[in-house]
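Examining the three-dimensional arrangement
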Amino acid sequence: MAVETIKWENGKIKMVDQTKLPLELVYVETDDINILWDSIKRLVVRGAPAIGIAAGFGVALAALKSKADKHEDLRRDIYKAIDYLAASRPTAVNLFWSLERMKRAFEKNKEKPVKELKTILFNEAQKILEDDRERCGKIGENGKGLIKNGMGILTHCNAGALATGGIGTALASIFAAAEEGKNFTVYVDETRPLLQGARLTSWELMQHNIDTILISDNMAAQVMKEGKINIVITGADRIALNGDAANKIGTYGVATLAKAHNIPFYIAAPVSTIDFSIKTGLQIPIEERGPEEITEGFGRRIAPYNIKVYNPAFDVTPFSLISGIITEKGIINPPLDDEIIKLKE
Ligand code: MRU
């Protein structure tokens, strides 16, 4: 059973506190939108689809807590929550996709009584979660054929259940292939600086009894050269119309290495991760995070005080390095731009 990363329980949002894994499996429960915002910012809840689900519940929370009994007052409270949550993290488009969906649900039903409207918004947030669960299942089914007995698979960051409302995206195909009885080994990049691979992906794979080998990011080239990797599968945070895909920093390097070693490089992502409004990856905003993630990762100072630091949290893999994108609607292959546009919902 995959871990339930985020859900609504007893009037609150309940999320696995991913900053505490793998040592502790504990939850944050909140009905306070400020705590939710901070949880997204600090990566208590993280991964593109999970951030989108959290944002949907955040808007539902604002609706349910609103004292408004007039439409314009409820509208003001909802839009305030949407603008606030939109400022939590910039790269994963699922956040904005989800907020847009909540906005649409409000506008479509704005003639309904305020009380009913609040329930509609809550149901929409719940539906975003359920939809994602379904999409993950389909991604797993669509991608599992790429994985053959005896393969070595490399993944980067965490695109598992912890990053979604279901079984994951990149890890979905891996879980589905394991369920079919296939034997293979997953190499997990530790994923500097916040170690989502070491802390989260290794933990998830081991929960499923999958043969898992942790490597540090700078070992990928050597491991590929030794012939241990047959396929790379990662998630994505935002995909442009031409197929350029943003994902956790380091993914672009892995894709470049895969090309150099003739290893297929796949992205797995739901259609909600495609930004149909941008032509190329140049338009993807890249989150920059605090220097302390590098200079004192996990509480221990490792660099000189006052050192200048640059800490982009994501990079963009150009479409030319991507062998295919595994979606809930099937696997698309190059030319990606021709295929991506057909996925528009
Ligand atoms: O900074 P994070 O941990 O939110 O970054 C997450 C990733 O880059 C994932 O690979 C991506 O969101 C895909 S999750 C299915």
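Given the structure is predicted, the values throughout are model-derived calculations rather than measurements.

Rules and cut-offs
- Residues numbered from 1 in each chain as written.
- Predicted model: local features only at pLDDT ≥ 70, side-chain atom pairs only at ≥ 80, totals over all residues.
- Heavy atoms only, no water.
- Helix = DSSP H or I, 4+ residues; strand = E, 2+ residues; numbered from the N terminus.
- Buried < 20%, exposed > 50% of the residue type's maximum accessible area, 1.4 Å probe, protein only.
- Contact = heavy atoms within 4.5 Å.
- Core = buried A, V, L, I, M, F, W, Y, C linked by side-chain atoms within 4.5 Å.
- Axes fitted to C-alpha atoms, helices over the stretch in contact; angles between N-to-C directions.
- Parallel < 35°, antiparallel > 145°, perpendicular 65-115°, else oblique.
- Left-handed = near helix turned anticlockwise from the far one by under 90°.
- Nonpolar A, V, L, I, M, F, W, Y, C, P; charged D, E, K, R; others polar.
- Domains from an automatic or database assignment.
- Buried area = accessible area lost by both parts, 1.4 Å probe.
- Salt bridge = Lys/Arg side-chain N within 4 Å of Asp/Glu carboxyl O.
- Polar contact = N/O pair within 3.5 Å; in protein donor to acceptor, adjacent residues only side chain to side chain.
- Phe/Tyr/Trp six-rings, centres within 6.5 Å; stacked < 30°, edge-to-face > 60°.
- Lys NZ or Arg CZ within 6 Å of the ring centre and 35° of its normal.
- Near = heavy atom within 4 Å.
- Areas by Shrake-Rupley, 256 points an atom, 1.4 Å probe, with all protein chains shown as cover.
- Disulfide = S-S within 2.5 Å.

Overview of the side chain of Ser-39
Mapped onto the fold, Ser-39 is located in helix H1 (residues 33-41). Look at Ser-39 and you get buried, because its relative accessible area is 1%. In this view, Ser-39 contacts Met-15, Val-28, Val-44 and Val-45; residues no more than four positions away in its chain are not counted.

Here's the deal with the nonpolar core
The biggest cluster of nonpolar side chains holds 39 residues, and the ones touching the most others in it are Ile-6, Ile-13, Phe-57 and Ile-78. Here the element with the most residues in this core is helix H2 (residues 48-65); it accounts for eleven residues. Setting aside residues up to four positions removed in sequence, Phe-57 forms contacts with Ile-6, Lys-7, Trp-8, Ile-13, Phe-122, Ala-125, Gln-126 and Leu-129. If you look at the next biggest cluster of nonpolar residues, it comprises 28 residues, including Leu-241, Ala-258, Phe-265 and Val-271.

Here's the deal with the packing of helix H6 (residues 170-179) against helix H7 (residues 196-207)
Closest axis-to-axis distance for the H6/H7 pair is 11 Å, and the angle between their directions is 20°. With respect to their mutual orientation, H6 and H7 come out roughly parallel. In this structure, H6 meets H7 at a crossing whose hand is right-handed. Taken together, the residues of H7 that come into contact with H6 (itself represented by Leu-171, Ile-174 and Phe-175) are Thr-201, Glu-204 and Leu-205. Taken together, the residues that form the contact of H6 with H7 break down as four nonpolar, one polar and one charged.

Quick look at the environment of Ala-81
Secondary-structure assignment places Ala-81 in helix H3 (residues 71-86). The class of Ala-81 is buried, set by a relative accessible area of 4%. Contact partners of Ala-81, with chain neighbours within four places excluded, come to Ile-33 and Ala-62.

Comments concerning the domain arrangement of the protein
For the protein, the assigned domains are domain 1 (6-138) and domain 2 (142-341). Taken over C-alpha atoms, the centre of domain 1 sits 25 Å from the centre of domain 2. On the domain 2 side, the residues contacting the 30 residues of domain 1 number 34 residues. Buried surface at the junction of domain 1 and domain 2, summed over both partners, amounts to about 2,600 Å²; 55% is from carbon and sulfur atoms. Inspection of the domain 1/domain 2 interface yields two salt bridges. Inspection of the region where domain 1 meets domain 2 yields 17 residue pairs in polar contact (both at pLDDT 80 or more).

What to know about the packing of aromatic side chains
Across all of its chains, the model carries four aromatic pairs by this definition. For the ring pair Trp-8 and Phe-57, a centre distance of 5.6 Å and an interplane angle of 40° mean the geometry is tilted. With Trp-8 in strand E1 (residues 6-9) and Phe-57 in helix H2, the pair connects residues that are 49 residues apart, well separated along the chain. Classification of Trp-8 by relative accessible area gives buried; the value is 17%. Its relative accessible area of 0% is what places Phe-57 among the buried residues. When the centroid spacing of 6.4 Å and the interplanar angle of 80° are considered together, the rings of Tyr-79 and Phe-106 count as edge-to-face. Separated by 27 residues along the polypeptide, Tyr-79 in helix H3 and Phe-106 in helix H4 (residues 93-108) bring together distant segments of the chain. Each member of the aromatic cluster is reached from another via a ring pair, and the members are Trp-8, Phe-57 and Phe-122. When the ring centre of Tyr-27 is taken as reference, the NZ or CZ atom of Lys-14 above it lies at 4.7 Å. Note that Lys-248 overlies the ring of Phe-314, its terminal NZ or CZ placed 4.1 Å from the centroid.

Observations concerning unusual backbone geometry
Cis rather than trans, the peptide bond between Leu-21 and Pro-22 has omega equal to 5°. Inspection of the secondary structure puts Pro-22 in the loop between strand E2 (12-16) and strand E3 (27-30). A cis amide bond links Pro-334 to the next residue, Pro-335, at an omega of 0°. The topology assignment puts Pro-335 in the loop between strand E13 (330-332) and helix H11 (336-340). Within the chain, Thr-191 stands out as a residue other than glycine whose phi angle is a positive 75°.

Things to note about the site of the ligand
In the vicinity of the ligand there are 19 residues, among which Arg-46, Arg-89, Asp-237, Asn-247 and Lys-248 approach most closely. Contact distances for the ligand include 3.0 Å between an oxygen atom and a backbone N or O atom of Gly-47. Against a free-state accessible area of 420 Å², the protein chains account for coverage of 99% of the ligand. Where the shell around the ligand is concerned, the elements lending two or more residues are H2 and strand E9 (245-248).

Notes on the state of the cysteines
In total, this model carries zero disulfides according to the counting rule given. Distance from the sulfur of Cys-157, which forms no disulfide, to the nearest cysteine sulfur (Cys-136) is 15 Å.

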